[in-house]
Amino acid sequence: MRRLLLCCLVALTTCQSVRYEFSLNPKKTYEYRYEGLLNVGLGMSNLAEAGAKVTCKVKIMGGTSQNFLLQVSDLSFEEFNGFPGQNTFTVSPKLTRRISAQLVKPFMFDFANGHVGNIHASAEISDTVVNMVRGILSFFHVSVKTTQSVYELDEIGIHGMCQSNYAIRQNRTTQDMTVTQVVDVTNCRDKAAIYRGMATAVLDDISKQRGESVVSTMKYVYTIKPTTEGGLISRAHCLEQQHFSPFNVKGGSFQMQATKELVLLDVTDTLSAVTFTAMEDRGNIVYKFSDATAQLPIVMQNLDGPLAKAVELIKRLAEVNLYQIDSSTSEDTIKLYQLLRLVPYEGLEVMWKQLAGDEEHRRWFLDTVVEVSDGRILKFLQTRFQAGDLSSSEAMQTLLLAFNHLQALPELLDVAKTFLSAPFSKSNVQVWHTAALAYGSLVYKHCAYYTPCPLAAVQPLLDLATESLSNKNEDDMVLSLKALGNAGHPGSIKTIMRFLPGVAANPVDVSPRVRSAAVQSMRLIAARDPHRIQDITMSLFLQKDLPAEIRMLAFMVLLDTKPPMALVSTVTAHLQEESDLHVVSFVFSYLRSVARSTTPDNLFLSTACNIAVKILAPKFGRLSYHFSKAMRIDWFNDDFLFGSAAEGFMLKNAQEIFPSEVMMKGKMYFIGRIVQLLELGFRADGLRDIMGSSIPGFKGDLSLSDIWAIRQQLQNWERAAGNKTLLQVYSRASGQEWFYADINKEFVRNLIDAVSPSAGRESPAWAAMESLQKGISWHRTKSFLIFEARYFQATTLGLPLEISKYYQALNGVTVNAKAAINPPPTERLGQLLTSEISLETDGWVGCTKDFWLFYGVNTEFFQSGAQLKSKIPSSVPWKLSAKVNVRERRVALDIPLSKKEIKLVSVSSNVYAVSRNSEEPTLSKMTPMIPMGAEDVAVVRPQSTVVRPQSAAPPNTWHPRSEACAQSNIYGAALCVESEMRRVYYHQEYPLYYFLGYTNVALKAVPVKTSKVVDKIHLEFNVGKSRHPGSTQQVLGTLKRSTKDAATHLQPSSESSSGQLESGRYETMLNATPEAVFSIRALAMNRNLKPEGYDTVVYYTPEARVQNTQLIVSQVGENTNWKMCMDTVLENHAAAKAHIRWGAECQSFGMSLSADTARLPGSRPTLKAKVHWDRIPDAMMDLGRCVETYIPGMALLLGFKQEHQKNPMQEVSASLVASSADSVDVRVQVPEYTVYRRAISVTLPATSLLAVQHNSTWDYAGDLQ
């Protein structure tokens, strides 16, 4: 009994002395086996993947109670590229040796209470290797609580500050404890992740609620043995999974799977004291990002001696792209960017001295050096500005791109300020504009990364605005306000308010142009400080004594703030009492457009606008298009998380007929961000003054007579006061204004003087003419990295996961030309009007655009991931001779026929599993993710190994191929479209898999073998009397037969009275003599044979109250009498008729078209259209029957009803009747049935039908002549 009691006491004492809380004994040495594995692919066994694996032994020894040493040995690095089950990991000995050289060196780390503190390493060890050590040490960073079986903690880890969910389970047999830790990586509060290149893409939180493009989770499973010193990890495993899609991850995704395992091999006593060498503190367990600007994920090359390689590459690119773009070399520009990012500042100066003397080399260097994107490019440009060895055009382009691609760091911002005070910046107007606008854009990017944004960043622009106000310099006022608009800094609101009427404490009198710039300068602040902007814009909008333009602009900015329902209701209430119809029309049309919006950013605003429209529609729903308008069209797809929007604004006032401001802009929505695309706009203060409130002869129907009236009014441009700006144009990209220009009287006068017929030898046009006579050769290429967007996130292995998008364009144009003038002008340019000009020219214009999307691991040692690669080359070569005779109004072109196939434009893309390593950069592997058949040719990067599967393609493969050509045997040429696609489809993985796979689409011009060889194509254009109408009697006979056929056809197909009237009118035309308006000849020429082709002549027959034209197309050649005759009649804008016949002497086939408006007494305005045919080819009949079968289904979708009734068999008609003030009835009749719908709401008022019907007649012949 005593022995039993003693055993129980001993056992109880033992149980109480062991602990599970994880700890390390500083007197012990722990040896583990570590394996880390990463795979990137689509998660399907028959699709290619890329991966990497690291295995090693890890030894941990204690130095002090809280300092431990980590040593790595037996390292092996392996790569995988291919198909699971068919390919295996392969060891890379060279890369293993390079990584081992750093990783085998000792590392020291602090450790206490189960958590890793700071890590120490030698200075020569790279950040990438230290991060790999963090991946190993993260196994020893765990919180074990024995008092709870389930608990949550917010704790620091390799991914940053994230929430961890723990679950603890004890094995009663072995006494081991299993700890499961799940980390929500997606929603980390302070995540180890960074964005680059996305500062101007606004975050859209509501879009992210509809779906995510990146989702990450991580799970650790520990097996912990209890000891007296604490818990000992005997085995640990981690699985991290990330799903990424360019769209919504719900519809298929790329997958990154990272696993790592730690297995305890041995625990021994530390025999000797551990000594520590000199080490640096490298931070805590959180992943640390290094500067990856030179580690481009889509290329890997030997980076030794970057300066010499960059110079050599520039010279080679300039040489191979000298005449036209070599699309196979466009990717080398990415390599050039990478090399330049490694060249020090002194090296850039050396390159400039070597390359600046050659025009091609100089241009290539300036176009690509802007991608250095750090302080070196600023210092280089400072030197250039001080030396003054850049032209104004070079300075403007280089400064613009350098600032917009610059890293937005505080120290770089301070350097960038100096360009605002540099004398060279102010030596040219456009350079000065560029410097100020580009600095504002840099401030905007800086504020996107640093919150709160310091006021000092925008202070130079505030000083410029204040100074311009005190000096009353209007040009500087506009420039400073536009630059502040680019900056979007909330701290600039007080300064901007000084330019705004009614909101400034001490208002100043400025021009409408300055006020407009001031209001628009708040457009980007609207997202950063919406409440203050709402107060200001509402105050401006409600001031009825302000110009309508300012109030409308204020309302635009107000909607940019996404106002709540209360503010929209306030606008609605005030609008009901508004007297300015331009303001009413603009606001109502904008509210109505936003009410229909489906994009996520307008989710709540569209609801408020919808209610406002319902309140305002009864009173303002019928305002015509003559008033100011705003329009928005958008769409958004939740499956793709993608959408787009287009907006247009026209601002007018009651005093002028011409708009004061017109703006057009587009937006793109993708993966939770909003990118503002291109925006164009113009202000027309001076033109508006010239136009005044009315234009003599202007009726508002935008006819030729209206255009003529505007032209006559514009001739009064000299009446504009002083040198007032006539027109101001601007452009914005990504929401940033990058260019604007003022066109004033002096500019117009100089332009007119330069090209005036009275201009002499002093004119620039005369110098250009002389150069053209001697012969010119002009060539330009421009490489442009349109965007570089990169996202980095830590992985559990300590390797950086990167999602990157690159869009590169290489543009080129070459023009060679030489002219001969007979007789040559001697004194005035006007003598050219009596000369014949002969021109010989050849050249090329085109571009190649490359797009890459990379998803995977990217380090300076290796790259492993998935890559989408797309290439779009376009090419338009030309060679022709031309003769121009102004006096005879004749132009003739001779175009030699190419004997080679010309690919005009093509689109090719594919998705690859890629593996690259720095020790063997030329042996990179790129395996098409979707298996390619043996007959397919993969589109891959040069010097890449293409891995193909041994098995056949999977059964669910879609592989369509097609080629369609439009061929002309007469001209010996064809235009062909060929396409090929390869897809693997999984219904549950839509839409991602729809876009993955090989794609190739091309448009080609192809020579055609014919019995008669075609040497060239001759085109001739004559205005006025035709020079080659054939026999005059033959043409008159053809016209008379065409007119007689039209008169015969109209009798049975029209109502009796109108038919007789039209028939009589055609009889009158039979006796009239037609007048040739213009003619076109297109002939295939051969030196030994007669030409073949087509001759087109347009005739005009004068008749009171009727405009009548005839078009005759005749085939030219032996034994042919094919013609097409078309007779058109337009009467008082109320009726239009066309009669078409073609075939032998225009007699084989025929059809007629008619449209007219009518409003009989007691009836409603009506618009009718009808197509009637006599005889048409079988192909046209088959196409008509095919369309007829689709009409019922489409009509049902659009809300139409259907009646089964027999209608005229050779006729299709439609009618539109104004059923009410804002709705119409539509009825469509085909031979077998009728579809109709009543009360369809329309935007334009029904009274516009009457306006069309009662327009007065305009002189068609006079306008043409």
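Everything quoted here is computed from the prediction, not taken from an experiment.

(A) Focus on the overall build of the chain. A tally of regular secondary structure across the chain gives 32 helices and 46 strands. Looking at the 1265 residues of the chain, the share that counts as buried comes to 52%. Excluding contacts between residues fewer than 6 apart, the proportion of contacts in the chain whose partners are at least 24 apart in sequence is 67%. If you sum the accessible surface of the chain, you get close to 57400 Å²; carbon and sulfur atoms cover 57% of it.

(B) Inspection of the nonpolar core at higher detail. Formed by 125 residues in total, the largest nonpolar core has its most connected members in Phe365, Phe380, Phe555 and Phe586. Dropping the residues within four chain positions of it, Phe380 is found in contact with Tyr345, Leu348, Glu349, Trp352, Phe365, Leu366 and Val369. Counting residues in hydrophobic clusters, the runner-up holds 94 residues, among them Ile125, Val130, Phe247 and Val984.

(C) Here's a closer look at helix α5 (residues 306-320). Look at α5: 21 Å from first C-alpha to last across 15 residues, which is about the 21 Å you get at 1.5 Å a residue. Turning to α5, its buried residues number three or more, namely Pro306, Ala310, Val311, Leu313, Ile314, Leu317 and Ala318. Viewed end-on, α5 has its buried residues packed into an arc of 165 degrees, placing them on one side of the element. What points out from α5, more than 90 degrees from its buried face, is the exposed set Ala308, Glu312 and Glu319.

(D) Examining the packing of aromatic side chains more closely. The tally for this structure, following the rule as stated, stands at 37 aromatic pairs. Measuring from ring centre to ring centre gives 4.7 Å for Phe385 and Phe424, while their planes differ by 55 degrees; the resulting arrangement is tilted. With Phe385 in helix α9 (residues 375-387) and Phe424 in the loop between α11 (410-417) and α12 (429-449), this pair connects stretches of sequence that are 39 residues apart. Taking 6.2 Å as the distance between ring centres and 70 degrees as the angle between the ring planes, the aromatic pair formed by Phe586 and Tyr590 counts as edge-to-face.

(E) Up close: the state of the cysteines. Enumeration over the complete set of coordinates arrives at four disulfides. Sulfur-sulfur distance for the disulfide between Cys1125 and Cys1146 comes to 2.0 Å. Between Cys1125 and Cys1146, the disulfide has an S-S torsion of 70 degrees and is therefore right-handed. One end of the pair, Cys1125, is in strand β39 (residues 1122-1131); the other, Cys1146, is in the loop between β40 (1135-1144) and β41 (1149-1158), and 21 residues separate them in sequence. Both residues of the pair, Cys1125 and Cys1146, count as buried. By sequence-ordered numbering of the bonded cysteines, the chain has its disulfides arranged as 1-2, 3-4, 5-6, 7-8.

(F) Summary view of empty space enclosed by the protein. Enumeration according to the criterion identifies twelve cavities of 30 Å³ or more in this entry. Considered as a void within the structure, the largest cavity measures approximately 140 Å³ in volume. Lining the largest cavity are 15 residues, with Ile156, Gly157, Ile158, Gln181 and Met218 sitting closest to its centre. Of all elements in the fold, only β7 (150-157), β8 (160-170), β9 (177-183) and β13 (214-225) reach the threshold of two or more residues within the lining of the largest cavity. Across the lining of the largest cavity, the residue classes tally to seven nonpolar, seven polar and one charged. Computed from the structure, the second largest cavity encloses a volume of approximately 120 Å³. Surrounding the second largest cavity, 15 residues form its lining, Tyr287, Ser290, Ala292, Gln295 and Pro800 being those nearest its centre. Elements with a minimum of two residues in the lining of the second largest cavity: α3 (127-137) and β24 (800-822). Tallying contributions element by element places α3 first for the lining of the second largest cavity, with three residues. Classifying every residue of the lining of the second largest cavity by side-chain character gives six nonpolar, five polar and four charged.

(G) Representation of the pairing of strand β25 (residues 836-858) in the model. Pairing of β24 with β25 involves 22 bridges; the strand directions are antiparallel. Counterpart to Lys818 in the pairing with β25 is Glu840. In terms of strand pairing, β25 meets strand β26 (residues 862-885) through 23 bridges, oriented antiparallel. Looking across to β26, one finds that Ser838 is bridged to Lys883.

(H) Layout of a nonpolar patch on the surface. A surface patch of nonpolar side chains, amounting to about 470 Å² of accessible area, comprises Met664, Leu677, Leu678, Leu680 and Trp738. Broken down by element, the residue count for the nonpolar patch peaks at three residues, all from strand β20 (residues 673-683). Counting through the fold element by element, Leu677 comes out in strand β20. A residue is classified by how much of its surface remains accessible, and Leu677, at 39% relative accessible area, is partly exposed.

(I) Quick peek at the pairing of strand β44 (residues 1211-1220). In terms of strand pairing, strand β42 (residues 1166-1175) meets β44 through seven bridges, oriented antiparallel. Residue pairing for β44: Ala1169 is matched across the bridge by Ala1214. Two strands pair when backbone bridges link them, and β44 and strand β45 (residues 1223-1229) are joined in this way by seven bridges, in the antiparallel orientation. Its bridge partner being in β45, Leu1216 is matched across the sheet by Val1226.

(J) Fine view of the packing of helix α16 (residues 512-520) against helix α19 (residues 548-560). Contact geometry for α16 and α19: axes closest at 9 Å, N-to-C directions at 10 degrees. As judged from the angle between their axes, α16 and α19 are roughly parallel. Seen from α16, the contacting residues are Pro512, Arg515, Ser516, Val519 and Gln520; seen from α19, they are Glu549, Ile550, Leu553, Ala554 and Val557. Class assignment of the residues belonging to the contact of α16 with α19 gives a composition of six nonpolar, two polar and two charged.

(K) The environment of Ser480, seen in detail. Turning to its location among the elements, Ser480 is positioned in helix α14 (residues 474-487). Residue class for Ser480 comes out buried when judged on its relative accessible area of 0%. Along the primary structure Ser480 and Ile496 are separated by 16 residues, whereas in three dimensions their C-alpha atoms are 9.7 Å apart. If sequence neighbours within four positions are ignored, Ser480 has contacts with Leu461, Leu464, Ala465 and Ser468.

(L) Representation of α19 in the model. The first and last C-alpha atoms of α19 sit 19 Å apart over 13 residues, in line with the 18 Å expected at 1.5 Å per residue. Taking burial as the measure, the 13 residues of α19 include twelve buried ones, the bulk of the element. For α19, the full list of buried residues reads Ala548, Glu549, Ile550, Arg551, Met552, Leu553, Ala554, Phe555, Met556, Val557, Leu558 and Leu559. Downstream of α19 by one or two residues, Lys562 has phi in the positive range, about 55 degrees.

(M) Region of the structure containing the packing of α12 against helix α13 (residues 459-471). Packing of α12 against α13 brings their axes to within 10 Å, and their N-to-C directions diverge by 130 degrees. On the basis of the axis angle, α12 is oblique to α13. Here the hand of the crossing between α12 and α13 comes out left-handed. Across from Trp432, Ala436, Tyr439 and Gly440 in α12, the residues of α13 making contact are Pro460, Leu461 and Leu464. When its residues are assigned to classes, the contact of α12 with α13 shows six nonpolar, one polar and no charged.

(N) Broad picture of the pattern of salt bridges. Under the criterion given, the structure shown has 56 salt bridges. Glu212 is the partner of Lys208 in a salt bridge, and the nearest nitrogen-oxygen pair spans 3.3 Å. Looking at Glu212, the relative accessible area reads 24%, which means it is partly exposed. With a shortest N-O distance of 3.9 Å, Glu788 and Arg790 are connected by a salt bridge. Across the pair, exposure class does not vary: Glu788 and Arg790 are buried alike. Through salt bridges that share partners, Arg341, Glu371, Glu788, Arg790 and Glu802 make up one connected network.

(O) Fine view of the side chain of His582. One can find His582 in helix α21 (residues 581-595). His582 gets classed as buried once you look at its relative accessible area, which sits at 7%. Separated by 3.3 Å, the side chain of His582 and the backbone oxygen of Asn653 make a polar contact. Setting aside anything within four residues of it in sequence, one finds His582 in contact with Met552, His626, Phe627, Ser628, Lys652, Asn653 and Ala654.

(P) Highlighting the side chain of Thr128. Along the chain, the position of Thr128 falls in helix α3. Using a relative accessible area of 8% as the deciding quantity, one classes Thr128 as buried. A distance of 2.6 Å separates the side chain of Thr128 from the side chain of Glu860, its partner in a polar contact. When residues no more than four places from it in sequence are discounted, the contact partners of Thr128 are Gly798, Thr859, Glu860 and Phe861.

(Q) The confidence of the model for the chain, seen in detail. Averaged over the chain, the pLDDT score is 86; the fraction of residues at 70 or greater is 87%. In the model, residues 934-953 has pLDDT below 50 throughout and makes 54 contacts with residues more than four positions away in sequence or in other chains. pLDDT under 50 marks residues 1244-1265. Its contacts with residues more than four places away, or in other chains, come to 42 contacts.

Cut-offs and rules
Residues numbered from 1 in each chain as written. Predicted model: local features only at pLDDT ≥ 70, side-chain atom pairs only at ≥ 80, totals over all residues. Heavy atoms only, no water. Helix = DSSP H or I, 4+ residues; strand = E, 2+ residues; numbered from the N terminus. Buried < 20%, exposed > 50% of the residue type's maximum accessible area, 1.4 Å probe, protein only. Contact = heavy atoms within 4.5 Å. Areas by Shrake-Rupley, 256 points an atom, 1.4 Å probe, with all protein chains shown as cover. Core = buried A, V, L, I, M, F, W, Y, C linked by side-chain atoms within 4.5 Å. Expected span 1.5 Å × (residues − 1). Arc of directions from axis to C-beta. Phe/Tyr/Trp six-rings, centres within 6.5 Å; stacked < 30°, edge-to-face > 60°. Disulfide = S-S within 2.5 Å. 1 Å grid on protein atoms, 1.4 Å probe; cavity = no way out; pocket = protein on both sides within 12 Å on 5 of 7 lines; lining within 4 Å. Points joined across faces, edges and corners; volume = space filled by probe spheres on them. Nonpolar A, V, L, I, M, F, W, Y, C, P; charged D, E, K, R; others polar. Pairing = 2+ DSSP bridges. Patch = residues over 30% accessible without salt bridge, like charges linked within 9 Å, V, L, I, M, F, W, Y side chains within 5 Å. Salt bridge = Lys/Arg side-chain N within 4 Å of Asp/Glu carboxyl O. Axes fitted to C-alpha atoms, helices over the stretch in contact; angles between N-to-C directions. Parallel < 35°, antiparallel > 145°, perpendicular 65-115°, else oblique. Left-handed = near helix turned anticlockwise from the far one by under 90°. Polar contact = N/O pair within 3.5 Å; in protein donor to acceptor, adjacent residues only side chain to side chain. pLDDT = per-residue confidence, 0-100.

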